[in-house]
Amino acid sequence: MSDFILVSGPFTDDRIWSEVAGRLRASGARAHPVALSRQPDADLQTHTEDVIRLIDSLDPAGQSVLVGHDYAIHPVLAAADRRPERVARIVNLDAGLPQDGDAPMALVPDPSVRELLRTRGESEPIPPPGPGQWQRWGSTEGLSGRHLEQLSRQSAPQPPCTLTRPLRLTGAATALPTTGILCTAGGTTLELVEALVRTGPPQFRRLADPDVRFFELPTGHWPMLSHPDELAAVLLRAAAGEGRRLTAPEDEQPFLRPFLLDTPERPQERHGRVDLHLPEPRTPQEPMPAVLFVHGGPIPPDLAPTPRDWPFYLGYARHTAGLGAVAAVVDHRLHHITDYAQAAHDVAEALELLRADPRVDESRIALWIFSGAGLLAAHWLTDPPPWLRCLALTYPILAPLPGWGAVEDRFAPVGALRSAAAAPPPIVLTRAGRETPQIAATVAQFVAAAHETKTPLDLIDVPDGLHGFEIHEPTDEARDAVTRAARTVLAHLAHPHDACPRPGVPASTAPGPYHRSRTGPAPVVTATGGP
């Protein structure tokens, strides 16, 4: 039978595993809960050594299943990296996917802890949550009042350096079999993970490797308390190599597939992080409207080519330039969920560059945001400038997803829309009908907020579309969605004296205060309010 090394998350110790360990032992397995060091000066390396020490104390001829819950996935991965030959499998129990160089702080969901570390640094331990505060660290679904009291009673302060020091990995454990156990009450489901593998950042493709398996548990973040029998049974099945395997697209970089529209090349210029795609000169010459495209993410910092050179964004930019606007694509630095502030700075800088170009009418600018960059829309909704004539959002994420608690509170588009200091710009929102439920829920909240605030909203629905529908098998429905969205954006940028909003944009397509369109053969209908 297997040796299980059980490592718990922040504030907790080996006692949290007592019921699960007992059930594993009753099944004939050997269970070894780890008590991580709690000295004030302990850091991630200290905890890594705690796990290695236990690995080295076991039979050298055997291999162990390393189970990391929450924060503990960091010392578990680091220990496996140091002792790969002693590890049979890594089990990720409702934890993130940290990479080499990531600090655990990047996955801390409690904003009060991030603020404490910002103001006090590493000088003081992080106090544990009280019985009514554990929900800041994850879903408490399934926990009784007795469980919450137990958590608080047995908890201890978390040494700050365990959260701030970076994870260091050499890659020695990359090939080890891995199992992910998702606690679905927190919102992370296999369906969401599958969507990330299918259309999300490239780093998620690893989750579809043959040696990666998944299980779901219908409970909150502490299944060792809420569902000890089920968790023990799943751990035994994981050790046996069971679990669901995910599949990925056949090509490793689906975002490099040809764009779904035929878009001839346009004159192109590179200015730092920003590429400009220029329309045909107009006669008489006058400044032109402009659209800045903001790619989704997070994406790895070493990804090549970068988004501005993908056929996807080249296609969008060239199509827009063909309609008579200067189209810009910015390579912003959203590499992790903690990078939204950096990405917001990059987008603001790109807009300044675009508006300063003498060929651009600085008073007629649109911002077009995709997917995971949707949270950046909050900044432009909170205090919208008068020159921002349109905000386009394509299958956006409009609230932090499960596990994204480390995202700063200010990146909340729904709240920003409701508390905007001035009237928001018209919004063009393209929705995928087969969107992942977690993402679709954020979009539904945003649409409701737009209705409440009477924000001009053009809805373009793609009933059969998946998230990232442009990179899947091209359909007339998908092509129509892209062309309709582009024409609607350009209509919002029309100069008041234009008889036709833009070249290629019939005046009849100019949107009203509330407008919904369904792509494909269904007719366009205009709504007087509501989503």
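Computed from a predicted model, the values in this text were never measured in an experiment.

Procedures and definitions
- Residues numbered from 1 in each chain as written.
- Predicted model: local features only at pLDDT ≥ 70, side-chain atom pairs only at ≥ 80, totals over all residues.
- Heavy atoms only, no water.
- Helix = DSSP H or I, 4+ residues; strand = E, 2+ residues; numbered from the N terminus.
- Rg over C-alpha atoms; globule rule 2.2 N^0.38 Å.
- Buried < 20%, exposed > 50% of the residue type's maximum accessible area, 1.4 Å probe, protein only.
- Areas by Shrake-Rupley, 256 points an atom, 1.4 Å probe, with all protein chains shown as cover.
- Lys, Arg positive; Asp, Glu negative; His and termini not counted.
- Charge placed at Lys NZ, Arg CZ, Asp CG, Glu CD.
- Core = buried A, V, L, I, M, F, W, Y, C linked by side-chain atoms within 4.5 Å.
- Contact = heavy atoms within 4.5 Å.
- Pairing = 2+ DSSP bridges.
- Axes fitted to C-alpha atoms, helices over the stretch in contact; angles between N-to-C directions.
- Phe/Tyr/Trp six-rings, centres within 6.5 Å; stacked < 30°, edge-to-face > 60°.
- pLDDT = per-residue confidence, 0-100.
- Parallel < 35°, antiparallel > 145°, perpendicular 65-115°, else oblique.
- Left-handed = near helix turned anticlockwise from the far one by under 90°.
- Nonpolar A, V, L, I, M, F, W, Y, C, P; charged D, E, K, R; others polar.
- Polar contact = N/O pair within 3.5 Å; in protein donor to acceptor, adjacent residues only side chain to side chain.
- Salt bridge = Lys/Arg side-chain N within 4 Å of Asp/Glu carboxyl O.
- Expected span 1.5 Å × (residues − 1).

Our focus in this paragraph is the overall build of the protein. Of regular secondary structure, the protein possesses 15 helices and 15 strands. Here the C-alpha atoms of the protein give a radius of gyration of 25 Å, agreeing with the 24 Å that 2.2 N^0.38 yields for 531 residues. Considering only C-alpha atoms, the protein reaches an extent of 80 × 45 × 40 Å along its principal axes. By the burial criterion, 56% of the 531 residues in the protein qualify as buried. Roughly 21,200 Å² of accessible area belongs to the protein as shown, and the carbon and sulfur atoms make up 52% of that amount. Between the averaged position of the 48 positive side-chain charges in the protein and that of its 63 negative side-chain charges there is a distance of 2 Å.

A few words on the nonpolar core. Judged by nonpolar contacts, the single largest core of 61 residues is most densely connected at Leu6, Trp17, Leu24, Val67, Met224, Leu231 and Leu235. Per-element accounting of this core gives the leading share, six residues, to helix 3 (residues 73-82). Leu6 has contacts with Trp17, Ala21, Leu24, Ala31, His32, Pro33, Val34, Val67 and Leu235, leaving out every residue within four places of it along the chain. In terms of nonpolar packing, the next biggest core, distinct from the first, is built from 54 residues, Ala350, Ala377, Leu381 and Phe411 among them.

Here we come to the sheet that holds strand 4 (residues 87-93). Sheet architecture is open: six strands sit in the order 2-1-3-4-5-6, paired in parallel fashion. Looking at the sheet topology across the chains shown, the edges are occupied by strand 2 (30-33) and strand 6 (212-217). Shown here is a sheet whose adjacent strand axes are inclined to one another by a mean of 20°, direction ignored. As paired elements, strand 4 and strand 5 (residues 178-183) share four bridges and run parallel to each other. Residue Ile90 lies in a different strand from strand 5, and its bridge partner there is Thr178. Relative to strand 2, helix 1 (residues 18-26) is tilted by about 160°, and along the sheet it contacts strand 1 (3-7) and strand 2.

Structurally, the position occupied by His32 is in strand 2. Sequence spacing of His32 and Leu66 is 34 residues, and the spatial spacing of their C-alpha atoms is 9.8 Å.

Time to look at unusual backbone geometry. Generally, phi is negative for residues other than glycine and the peptide bonds are trans, each holding for most cases. The linkage connecting Gly297 with the following residue, Pro298, adopts the cis geometry, with an omega of 0°. Here Pro298 is to be found in the loop between strand 9 (288-294) and helix 10 (311-322). Here the amide bond leading from Ala304 into Pro305 is cis, since omega sits at -5°, within 30 degrees of zero. The residue Ser371 is not glycine, and still its phi comes out positive at about 50°. Along the chain, Ser371 turns up in the loop between strand 11 (360-370) and helix 12 (377-382). Of note in the backbone geometry, Lys454 takes a positive phi value of approximately 55° without being a glycine. Here Lys454 falls in the exposed class, since its relative accessible area comes to 65%.

Scanning the entire structure with this criterion turns up 22 aromatic pairs. Ring centres 6.1 Å apart and planes at 85° place the aromatic pair Phe11 and Trp134 in the edge-to-face group. Taken together, the residues Phe11 in the loop between strand 1 and helix 1 and Trp134 in the loop between helix 4 (111-120) and helix 5 (145-154) connect sequence positions 123 residues apart. One exposure class covers both Phe11 and Trp134, and it is buried. One aromatic cluster is present, built from ring pairs that chain together Phe255, Phe259, Phe293, Trp310, Phe312, Tyr313, Tyr316, Trp368, Phe370, Tyr395 and Phe469.

Per-residue pLDDT for the protein has a mean of 89; in total, 92% of the residues score no lower than 70. Note on residues 499-531: pLDDT under 50 across the span, and 75 contacts to partners over four residues away in sequence or across chains.

Quick look at the packing of helix 1 against helix 9 (residues 228-239) now. Where helix 1 meets helix 9, the closest approach of the two axes is 9 Å, and the angle between their N-to-C directions is 50°. By the angle between their axes, helix 1 is oblique relative to helix 9. Here helix 1 runs over helix 9; the crossing is right-handed. When helix 1 is examined against helix 9, the residues Glu19, Val20, Arg23 and Leu24 are found in contact with a partner set consisting of Pro228, Asp229, Leu231, Ala232, Leu235 and Leu236. Taken together, the residues of the contact of helix 1 with helix 9 break down into seven nonpolar, no polar and three charged.

All right, on to the side chain of Asp50 then. Considering the arrangement of structural elements, one finds Asp50 in helix 2 (residues 44-57). Owing to a relative accessible area of 8%, Asp50 belongs among the buried residues under this scheme. A distance of 3.1 Å separates a polar atom in the side chain of Asp50 from a polar atom in the side chain of Arg53. Those residues in contact with Asp50, other than ones at most four positions away along the chain, are Ala35, Leu36 and Ser37.

A word on the pattern of salt bridges. With the rule as written, the count across this model stands at 31 salt bridges. Between Asp56 and Arg83 there is a salt bridge whose closest N-O contact spans 3.0 Å. Remark: Arg83 occurs in the loop between helix 3 and strand 4 and Asp56 occurs in helix 2; sequence separation between them is 27 residues. Arg136 is the partner of Asp110 in a salt bridge, and the nearest nitrogen-oxygen pair spans 3.9 Å. Of this pair, Asp110 sits in the loop between strand 4 and helix 4 while Arg136 is found in the loop between helix 4 and helix 5, placing the two residues 26 residues apart along the sequence. Here the salt bridges share partners, and the residues they tie into one network are Arg270, Asp275, Arg308, Asp309 and Asp331.

The next point concerns helix 15 (residues 476-492). Across its 17 residues, helix 15 extends 24 Å between first and last C-alpha, which sits within 8% of the 24 Å expected from 1.5 Å per residue. In terms of burial, helix 15 is a largely internal element, twelve of the 17 residues being buried. Buried residues of helix 15: Glu477, Ala478, Ala481, Val482, Thr483, Ala485, Ala486, Thr488, Val489, Leu490, Ala491 and His492, and no others.

Between its first and last C-alpha atoms helix 2 spans 20 Å; for 14 residues at 1.5 Å apiece the expected length is 20 Å, and the two agree. For helix 2, the set of buried residues is Leu44, His47, Thr48, Asp50, Val51, Ile52, Leu54 and Ile55. Against strand 1, strand 2, strand 3 (64-69), helix 3 and helix 6 (161-164) lie the buried residues of helix 2. With a side-chain oxygen positioned 3.1 Å from the backbone nitrogen of Gln45, the residue opening helix 2 is Asp43.

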